[in-house]
Structure formats: structure tokens, C-alpha cells
Amino acid sequence: MGHIRLGDLPRTRKWQEVVALIEGGAGTVQLANATISAAEQGLKLASEDKGLVETIWLLTQIPLAAKSADFAGSLRNVGLKVSDSPSLMEVVGAVSDVIDSRLANNGGRTDLGEMAQMAAAETLSKEIGSRTKGLFDTTPADVQTAFSRLAISKQFSGFARQFFARLTNKCLNYFLSRAMDYHVGEGKRFATLAQVSDFSKALETHCQEAAKIVEDFSGGWFSKTNWEQDGIPRDKAAGFTYVALKKIISELKEGARSDAE
Amino acid sequence: MPNERAVLCGDVPGGNIPFGGDDPLRLRMWGPRWNVQLQIANIHEYMKRPVPPAFLDLIEIATYVYCADQATTRGGSDVEKFGENWRRRLFLRIPVRNPDLWRSSKILEPLRSTLSFLSEDEYHFEFTDLRNAPPLQKYLFTTDSSGQKERPEEVILFSGGLDSLGGAIQEAICDRRRVVLVTHRPTSKLTKRNDKLKALIEQKAAHKPIHLPININKAKELGREYTQRSRSFLYASLGATIAQMFELSRIRFYENGVVSLNLPVSAQVVGSRATRTTHPQVINGFAAVLSAVADRKFNVENPFLWKTKTEILQHISQGGCEEMVKYSTSCTHTWEMTRLHTHCGICSQCIDRRFAVLAAGLEGHDPAEAYKVGLLLDPRADGEPRTMLASYVETASEIARMSPADFFSRYGEASRVLKHLNGSADTTALQLFELHQRHAKQVTKVVDDAIAKNASAIRNRTLPPTCLLRLVSDSSTAIDAGASTAKKSKDAINPFSGDYVFVRKGQPWIVKFAGGQDFILLPSKGTAYLDILISGSGTTFSAADLAYRVAKAPQKYALNEAIDATSPETLGIYRARYRDLEEDLEEARKNSDLAAEQRTQNEMDQLKEQIKKDTGLGGRIRKIGDDRERVRKRVCIAIRRTLDEIAKYDKRLAEHLNPKTTPRSLTLGQSISYVAPAGVRWNA
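Residues numbered from 1 in each chain as written. Chains lettered and ligands numbered in written order. Predicted model: local features only at pLDDT ≥ 70, side-chain atom pairs only at ≥ 80, totals over all residues.

A. Spatial organisation of the sheet that holds strand 15 (residues 540-542) of chain B. Residues and elements named next belong to chain B. Spatial ordering of the open sheet is given by 15-19-18, a layout of three strands whose pairing is antiparallel. The sheet terminates laterally at strand 15 and strand 18 (666-667), the two strands that pair on one side only. As paired elements, strand 18 and strand 19 (residues 671-674) share two bridges and run antiparallel to each other. Looking across to strand 19, one finds that Thr667 is bridged to Ser673. Strands strand 15 and strand 19 of the sheet are contacted by helix 17 (residues 525-535), whose axis makes an angle of about 65° with strand 19. (Pairing = 2+ DSSP bridges. Helix = DSSP H or I, 4+ residues; strand = E, 2+ residues; numbered from the N terminus. Contact = placed C-beta atoms within 7 Å. Axes fitted to C-alpha atoms, helices over the stretch in contact; angles between N-to-C directions.)

Below, the structure is given as C-alpha cells:
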């Protein structure tokens, strides 16, 4: 029991180019560019990914629920099974659970959706945890206040950026981790595990930079859509997902070029 | 197209298959054409009551699911499609004794949701009437097993690994309880080792445990997928059936919490690529299914959920059972198992086991020779052997340094557990964090102790370069005064320094322009041409010269002379005829002779095309078979491809090298040159 399955990158030309770039010592910016270019076809279908869209839709619903007087009731209305005074970890667990239940029997689940689900849980823990000064023993009022602040345009922008930065980093590592460890050891690209770790941190920073483009428009989109539609329907969340990912992909390609300017 | 498969079980008919029906898999557990055989040790003598039909259905369904899982591959690398082939769509048509029960939502819903979470597949069941149902006796075989005659108190799923051994010791030896140990034998290679464990447990147990081995024999062609994610469902179903026969309403898995929760050790480990065999969500799902089958509350437990493997080993040691450790088997690469090497040392379970053994100080009871590849000092091959270990150790090192906030903002997978355990989400989260921190510290301590113990070898760099201790230490090549000095002086003149760099480093080139971000250009002829041009800035090269310098076999390089595409006389005839036709066309138009007009126009078009083919710039006769022209084209195309590549990573350099921009630095054609503008000094 406890088996873990690992894999390799495909042997197609574009992916072998990514492998050659790792081996040749390419930096994070160039590798991110080459990887996202190789993965672009798959990512183009992202707005149709049920798991990804459901995750992003839920992330828009929680701040709106927190603005209501009955926070717990509003959360339940969007499917989260929470107590009357939910703690942060309870909300985080409920978000994961409701996405699992919406993809019952795995219909429509993909690795991308799965990564989005994980990125959502992580972003909620990080962003709300930092606002409530910790994860545990937070008061329900603190949790509600922290979530409700995300409904402010600027705050939602920052939150969306963090989510997409994590998702992008996960996506890039999803591919790169299949090849990187082949290049660890003396005389190889990464002489030690510490160098691998440094590379991972640099990639994370690069994803944060790339996701800035999402910050620039997401707050406005959130407020405008909520105002016009009196809430945020799933199809609007799907549209937002499509645009956000398209912009990040283009940013990773363009950003790499402008870095040299 | 999704990875779909229809599975027809027993003698069910094959019509109206909703999907995957092109090549349906036939599974038969009985009859002359059987390809799957379930064998349970004969336990009639202990049985308190007969097995209800629903439980017989359960073990048959679980066997079919397990065999369908193994017979259907998860495809090759589908990384670009985000795991489309990993997740399969399975349609199973299964004959059962009570179809209405299995079609009811109280069973079907938990069955589908639990299995789909466990194996990440999509399950569609169709239950039909089973005629000529075999009795339980069909599956029973006689064994020499003999245990206590009193009613057992607990059914334990005993794999023969360290964790379940810890559970058996806890129950049968420490707590002096009467237990049934249900063992599924995936391979006969484990039989002797399991028998030895059985004997050792019996010696120390207050009540001799009942051992129930279970075998599944299946046709060779059914073993195509080794991941076997649904195995624990089969295991739980068999255990629950045994428990039912003993009038018990509980089964116990014994698995350490770190493996139960199985957080991803690498970014590529998404979803059930890390098994969810005893994940709390699965355990609860099993309980829901079994309760529905038993029509009463049925519990499934994992008492070791909050223990690390090291703590389980410490517990085994405190119970005075250390000598049993070496007979337990954790390795999943059983096909590699030999009498000498009982563990591969490469798979995640071997790594986990060895770290725990070392952390618990029980290396004396788990011989290092049993591992084909040693954990700390042995070289590790490229690929999974090194990846798995590197990821495991890096994960532990990271977690050991984390705060709870860091942990939950790094491992989103942990959030999946929060709603599936008793207690508040906060308490569960804290327990979860503490469990992983203890485990991480146990792992890192093993590494730290090994570094201290091998300090001299690390300093002298005499350990294999790919062993764990070298990978976690900052090391380079073995110490050699001469080489070291030479390297130092070479480093002093950094070949990659400067604002303008075009230098080959190994196979690829490092390129930097105007102090921007450096990037890699992979080996290609175009890059090699550019290298020559930039190094020889201001020099004009012929395309043939560049091609000659870069060609792999320049000595074979000979250019043929070209010949004219046509003769001047022929060309003159074409042109004269064209002029005649122009007059004919005018005449035909005047006479409104549409047929003549069309005919003349067609001939003119053909002539025009031929003249265009035979002439080049300024109407001169074109050369054909000109190797120089072919080489020019080839060299220029190669350079342009490299310029396209450069444009992906550095727009300004691409612009600088664009032959169409002014002032022009790169000129393409028969004569090719690069002239660096004032102020640009290439390190090339």
C-alpha cells in the first residue's frame, strides 16, 4: 500500500526540447516559456474543465457569502457543508469536499481541475490565515470578516493573483518535475537537491510575476459582474477562467521576452 | 477519446453496452471458461453463521472490480491531456443474487463514490439476476491453518508489511485479543515470509490468531495494469465477509497516517497517483458500503492513523517483537524480489520502510543486504530510482521547516481529510500537521546522522556521486589539487560574463544581449552559423563556406556546377509565340469568338508560366541543379529558424539580427555577414 506512480515527459519534439533546455541549464524564465508553449494546446481547453470552473466559481462565492448576515447559511446555499460558526479550516475542508461531490464518480475530472482544487485550498489557507493571524482557533467573526474583505475589488484582485500564481506554478511543475530529477547529481544540471529547491523557488517567483496580469483585471471583473448580474453565475466564472489563463500563458511567453528588455 | 472499457462478468449477455463495447472484457469466476478464481481458506469450522447472499455478491463484485482494474491499462503518457487516460470509464455488467439491493441508491451511491475516489475511475454498474449462484464453499480451500476455537474479537487486514505487523502485534500480543488475520497474497513469493511471521506471532500471542489467506488466480492476460488502486476494496470486502461470519461488525486496517493520507511528494503526483488505499475518505466510504450490505452499522477503522511508521516500529520494539521486522515485506516491486534481496530499495514503500527502520534504531533487525539498492550510500540510477528518493527527502526537509500555515498552503491535498475524521476541522488539521512534522523530523534526522557519520567520506568526495548523501550535500568533483586549481583559474575568466554573450557551453549555447536575461539556444546548424558570424563580426562568409565549416563530414563536401534551365533560343521562341498569341487574342475578341478567345488565353497562360519558371531576376535564364543555390537556401533557412527561436526568448536580439531592419547587422544571401554595431562587444 502507499504506492506512488511517477512518469516521464512525452517523447515528442517540443517536450524533448524542454528536456534539452533543462539539461542545458536554461533559467526559469526560458523554461517556463518553453513548457507553457508545449502545454498550450491542453491548457486551451481549460475553460471547459469542470473542476477548474467549479473551483473558481466557488472562490467567487465565498467572499459574497461572507458579506451576508448569515455567513454559514450562505455558504450552505452554494453547497458547502459547514456548521453555524465555521472556522477557517472548516471552510477550507468544505470547499474541497463540495468540489469532490460536484465531480461525483469522477465525471469530468482532470489533473488540471485537481490542481485547481488544491491551489484553491492552499490559497484560502494562506490568504485568510494571514488575515486571521493563524489557521487555528480563529473566531467565526474573524473568519467572516477576513472572507468578506475579499469581496472588495482590490482585495479580490490580490486573492485571484495568488490563486492563479499557485495554479500556474503547479502546472509548470506538473510537467517539469517529470524531467528535472533526471538532471540531479554530480556533473548534471543540478549538482544537489538544494539547487533543485532554488530553481523551484525561482519558478514560484516567476509565476507570481506572471500572475500579476490577473491582478490587473480580476477585481474590476468581480465587482462589475457581481453588480450587473446580481451575483456571479458559473458561465461568467468560466469566461473569467478562460481569459485569465489566456493572459497568463501570453504573459509567460511575453514576460520572458520583456525580461530581457 | 477517454479510456473506456466494458466488462461483462459471469454469463451476462453482451448486448446494449453503453460504451467501451468494441472489445468487452469477459470475466468468469466459475464454469469451464473461468479466467478468475477466488480462493478463501476454509473457515467453516469457525463460522458462527452462514454468509448472507449480499456478502457473497459483495466479494464477487469486489473481485470483478479488482480484475477489471488490473486488466485495463491507464494508457501511456497523457501528460498533455492532463491525465485523460489515467482516469478510465468502466462499465461493469455483473450478475448478483439480489439485483434490487445493488441497484438501490443506499448501496450504489457510496459504492460508486468510494471506488471513484479510490481509483479515480468513472464506474457504471449494471446488475442482473444471477442464476445458478455458487455457494461460498465454491471459494473455500483447505488450509493447515488452525487457531483458537473461541469467537474472535477482531478482524485485521494483514498484508505482511510493517504497519499491519504492528497492528497484529498490538492486538494479538500486547492487548492479548483473539484476532483473525486476513491476508491477500498477490504473489506466492511472499508465502514463506508470511508463514514465518505467522509462526512468530503465534509463539507470542495469548490466543493463537486465525490466519485466513486469500488468493486470486487469474489468467495472465488480465494482469496489464500494476497500479491496482482498487485492491483495498477487495481486501475490505473479504475482511468484512469474514467479520460477518464471525458476527463481528468491524474490520481494521493498520496503516501509518503519513501513507494513509499520502500527500504528494512531487508536483506530478496528482490525484490517486499517490494511492488512497486507506485514506479516511475511503475508509468512511467502505464503512458506508459495508453498512448498506450488512443492513446494520459496520465500522472500518485505521487505529494507526495518527502514527508515523517510525512510531509503529518503536511500538513493535517496545512489544519485544523486533525479530519479526526482518520477515515483514514492504516492497511493491515483488517481481524483483530474490532470496537475497527481498526489497528493491527503490519504490516509495522501500524508501519509507528503510527511513523508519533507521529512525527507530532497528537496523540490526532489518539487514541492509536485503535491499538491492541501499538508502543512503548506494548509487541511484537516473529516473524513478533517483526521483523517488530525491522527492521523498526534499518533501521531508521542507515540511520539517514549515509552520502550520506553510503546510496547509503547500499541501492542498491535506484539506481533503478535514471533513472525514471525527473532531473539529481545526483539531484534525493540527493533528495532521503534527503527524507530518514528526515524520519529517524523523526522516531528516536519519539524513543528518548519516552525514555526521560519513563526514570524512563526504569531505573527500569518495561516495558515489548519485548516492543520497552526495545529493543532499553541496559537492562537486572529487578533490584533485591540479584540476581544482585549473578550474579555479578558468572560473576567474568567466567565459559567460559580459553584456553580449554567445558562447557554447557543452552542447547548447548561452546567449545574452545588451545585459538582458541570458538564455539557452539548443544545438542546431543555424545557431552554429550564427556563432561563426558573431565570432567573426565584420567578416563576409559565403553560404557554402559556412555550410562547410559546420558540416559533419566536410571532406565529402563538393559543390556541383549549375546548368541553365533553358536555352536563349528556346526562350526567344516562347516570347515570340506569346506576342503572336496576344494578337490572336485581340482578333478573337473583335470577332466575339468566345471559343478562340478561351483557347488562346489558355495557351498564353501556359507559356507565361513556363517563361516564369525558366527565368529569374531581370529576365535572366535561371540556373538549375545549382548546389551553391541549394546551400544558400539551406543556410539562410537554418539561420532564420534560429532567429525565430531567439524571438521566443529575447525580442531585442531577434530585432537586432533581423536582416530586414535598418541599420542592418546581419546580411543573408550568397554572401553572409554580421557586423556588430559600435558599442557592441560580443563575448563569443
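B. Geometry of the interface of chain B and chain A. Taken together, the contact pairs 87 residues of chain B with 73 residues of chain A. Looking at which element gives the most residues to the side of chain B that touches chain A, the answer is helix 11 (residues 384-400) of chain B, with eight residues. When grouped by side-chain class, the residues that make up the side of chain B that touches chain A number 28 nonpolar, 32 polar and 27 charged. (Nonpolar A, V, L, I, M, F, W, Y, C, P; charged D, E, K, R; others polar.)

C. Fine view of the domain arrangement of chain B. As far as domains go, chain B holds domain 1 (3-138), domain 2 (501-561 + 627-674) and domain 3 (564-622). The straight-line distance from the C-alpha centre of domain 1 of chain B to that of domain 3 of chain B is 77 Å. (Domains from an automatic or database assignment.)

D. Region of interest: the sheet that holds strand 12 (residues 501-504) of chain B. Residues and elements named next belong to chain B. Across the sheet, three strands lie side by side as 12-13-14; this open sheet has antiparallel pairing. Every interior strand has two partners, whereas the edge strands, strand 12 and strand 14 (519-521), have only one. Neighbour to neighbour, the strand axes of the sheet diverge by 25° on average, direction disregarded. Of the pairings in the sheet, the one linking strand 12 to strand 13 (residues 509-512) comprises four bridges and is antiparallel in character. By the bridge assignment for strand 13, Arg504 is matched with Trp509.

E. A look at the nonpolar core. Val91(A), Val95(A) and Val7(B) are the most contacted members of the largest nonpolar core, which totals 263 residues. Split by domain, the residues of this core number at least three in each of domain 1 (3-138) and domain 2 (501-561 + 627-674) of chain B. Each residue touching Val91(A), except ones within four places of it in the same chain, is listed here: Ile62(A), Leu75(A), Leu80(A), Val82(A), Pro86(A), Leu124(A) and Val143(A). (Core = buried A, V, L, I, M, F, W, Y, C linked by C-beta atoms within 7 Å. Buried ≥ 20, exposed ≤ 12 C-beta atoms within 10 Å, placed from the backbone.)

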